[in-house]
Amino acid sequence: MKRRDFIASSVLGASALALSACHRAEENSEEGSVNRLKTKKVTLKLATSWPAHFPIMGTGVDNFAKRCFELSGGSLEIKVFPKNILVPALQVFDATSAAQIDAFHSGVYYWKGKNPAFSIFGGMPLGLTSEEMITWMKFGGGYELWREMYAKFNLYPLIGGTTGPQMGGWFKKEINTLADLKGLKMRIPGLGGEVMKKLGVNPVLLPAGEIYTSLERGTIDATEWVGPALDSMMGFAKAAPFYYTGWHEPGSILEITFNKARWEKLSKEHQAIITAASEEMTGNMLCEFRYKNAKALQELPKNVQIKTFPKVMMDAAKVALGEVLKDESAKSADFKRALTSYEAFVSINKPWDDISTKNFLEIRG
Ligand code: CA
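Now for a look at the structure at hand.

What follows deals with the sheet that holds strand 4 (residues 155-162). Ordered by their spatial adjacency, five strands build an open sheet running 2-1-3-10-4, and the pairing between neighbours is mixed. One side of each edge strand has no neighbouring strand; the edge strands of this open sheet are strand 2 (76-81) and strand 4. Direction aside, neighbouring strands of the sheet carry axes that sit 25 degrees apart on average. By the bridge criterion, five bridges tie strand 3 (residues 103-107) to strand 10 (residues 253-259) in an arrangement that is antiparallel. Looking at the pairing, Phe104 lines up with Thr257 of strand 10. Strands strand 4 and strand 10 of the sheet are contacted by helix 7 (residues 130-139), whose axis makes an angle of about 155 degrees with strand 4. Together, strand 1 (42-48), strand 2, strand 3, strand 4 and strand 10 form the strand contacts of helix 14 (residues 268-298), whose direction differs from that of strand 4 by roughly 30 degrees.

It is worth spelling out the pairing of strand 10 at this point. In terms of residue burial, strand 10 counts as a mostly covered element, since seven of its seven residues are buried. Relative to strand 10, strand 4 runs antiparallel, the two sharing six bridges. What sits directly across from Pro157, in strand 10, is Thr257.

Another point: unusual backbone geometry. Even without glycine at this site, His53 takes up a positive phi of about 55 degrees. Locating His53 in the fold gives a position in the loop between strand 1 and helix 4 (57-71).

Of the protein atoms, only Gln166 (OE1), Glu224 (OE), Glu224 (OE), Trp225 (O) and Glu249 (OE) coordinate the calcium ion, at distances of 2.2 to 2.9 Å. On the basis of relative accessible area, Glu249 is assigned to the buried category, the value being 9%.

Attention shifts here to the packing of aromatic side chains. Taken as a whole, this structure holds 22 aromatic pairs when the rule is applied. Taking the centre distance of 6.2 Å and the plane angle of 55 degrees together, the rings of Trp170 and Phe236 count as tilted. In this pair, Trp170 sits in strand 5 (residues 169-171) while Phe236 sits in helix 12 (residues 236-239), placing the two residues 66 residues apart along the sequence. A residue is classified by how much of its surface remains accessible, and Trp170, at 1% relative accessible area, is buried.

Before going further, it helps to examine helix 4. Because an α-helix completes one turn every 3.6 residues, residues spaced three or four positions apart along the sequence face the same direction. With 15 residues, helix 4 extends 21 Å between its outermost C-alpha atoms, agreeing within 8% with the 21 Å of an ideal straight helix rising 1.5 Å per residue. Among the 15 residues of helix 4, eleven are classified as buried, and the element is accordingly described as predominantly covered. Gly73 occupies a position one or two residues after helix 4 and carries a positive phi of about 60 degrees.

Once that is clear, we can look at the environment of Ile273. With respect to the secondary-structure elements, Ile273 resides in helix 14. The spacing of Ile273 and Glu70 is 203 residues in sequence and 9.6 Å in space, taken between C-alpha atoms. Once residues lying within four places of it in the same chain are set aside, the contact partners of Ile273 are Cys68, Leu71, Ser72 and Leu76.

Our next topic: the pairing of strand 2. Here strand 1 runs beside strand 2; their pairing, made up of six bridges, is parallel. Bridge assignment links Val42 to a residue of strand 2, and that residue is Leu76. After leaving strand 1, the chain enters helix 4 and then returns to the sheet as strand 2, a path that is right-handed.

Using the criterion set out here, one finds 18 salt bridges in the structure. Salt-bridge contacts for Lys114 lead to Asp94; the nearest nitrogen and oxygen are separated by 2.5 Å. Taken as a pair, Lys114 in the loop between strand 3 and helix 6 (118-122) and Asp94 in helix 5 (residues 92-97) lie far apart in primary sequence, 20 residues in all. Between Arg187 and Glu224 there is a salt bridge whose closest N-O contact spans 2.5 Å. Here Arg187, found in strand 6 (residues 185-187), pairs with Glu224, found in the loop between strand 8 (222-223) and helix 11 (228-234); they are 37 residues apart in sequence, far enough to count as distant. As far as the burial class goes, Arg187 and Glu224 line up, both buried. Linked by salt bridges that have partners in common, Arg67, Glu70 and Glu280 make up one network.

Conventions adopted
Residues numbered from 1 in each chain as written. Predicted model: local features only at pLDDT ≥ 70, side-chain atom pairs only at ≥ 80, totals over all residues. Heavy atoms only, no water. Pairing = 2+ DSSP bridges. Helix = DSSP H or I, 4+ residues; strand = E, 2+ residues; numbered from the N terminus. Axes fitted to C-alpha atoms, helices over the stretch in contact; angles between N-to-C directions. Contact = heavy atoms within 4.5 Å. Buried < 20%, exposed > 50% of the residue type's maximum accessible area, 1.4 Å probe, protein only. Donors = N, O, S within 2.8 Å, 3.2 Å for Na, K, Ca; no water. Phe/Tyr/Trp six-rings, centres within 6.5 Å; stacked < 30°, edge-to-face > 60°. Expected span 1.5 Å × (residues − 1). Right-handed = clockwise from strand over helix to strand, strands pointing away. Salt bridge = Lys/Arg side-chain N within 4 Å of Asp/Glu carboxyl O.

Below is the structure:
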């Protein structure tokens, strides 16, 4: 039902209307004509890791493309291709690097295998929130390192949205002690999965389409996904009713990344428009996730029980995370450099956060 509603009201229809309105406005305005004469029309192909018009992430990138078109007076057209149309979901990085396509929209943590440091730019378990991650990127040196490391793959990255805090996942059984984690099979990617492994969990990677069936059949015992808004669509509540609060993805970063040579050939105006549209997208996506998660939380099925992991587990997770970061730093100089920059930001951010946001939220209650 929800899915049908979503397709019916998809952004495709909305953006088509907006685009034709934009064309009409352009034809009727003097500025539009001047702009058309001044700026050569550019068309770029962007592939995503999501299904067509996937809520929030997919519709976010649809809107980004629409905004680039509007802001450029129609001189910059970004054609968005959902997963598996031009390239498979998790080959968008390679395809953009090899200039088979111009750009991609995806999650940074998917590319840990290319360079372990990329998992830090994607977000840290028990680490920075979305707002804090963006602050590190923009003001604390994160962007410089990310761009330097992506340049080796002929890529130029921009933050392209962020999820806000994610939930800890859906479990078939309650977790009360560390022993309850031993041998548990859980779908959990990235550094969160590495930490869980140290706690005795068997982390597995599954494509989105296979998670629900695996949970229902008992092939896996638990899964994380995103938050109430997107998790509800997956039907996890039927198979695993214990819904745990989050710790492993407090502020995951998504990216709009361009082939670097292609990016450098764009005019300064088009680069500025893309940068501005990506910032707008990031702010909007964070708010959209917050609002839709808050709404979806009110509408979860009655059998769902919201739980928080026991303190003994989170204490063990903190120790395990320290070990994972130490192991990765020993293996990769880039990981160590990114972590050093990240931790330098944490050390100046935390005292301020403690007396501002954290303190206020405790007072507000
Ligand atoms: Ca997740």
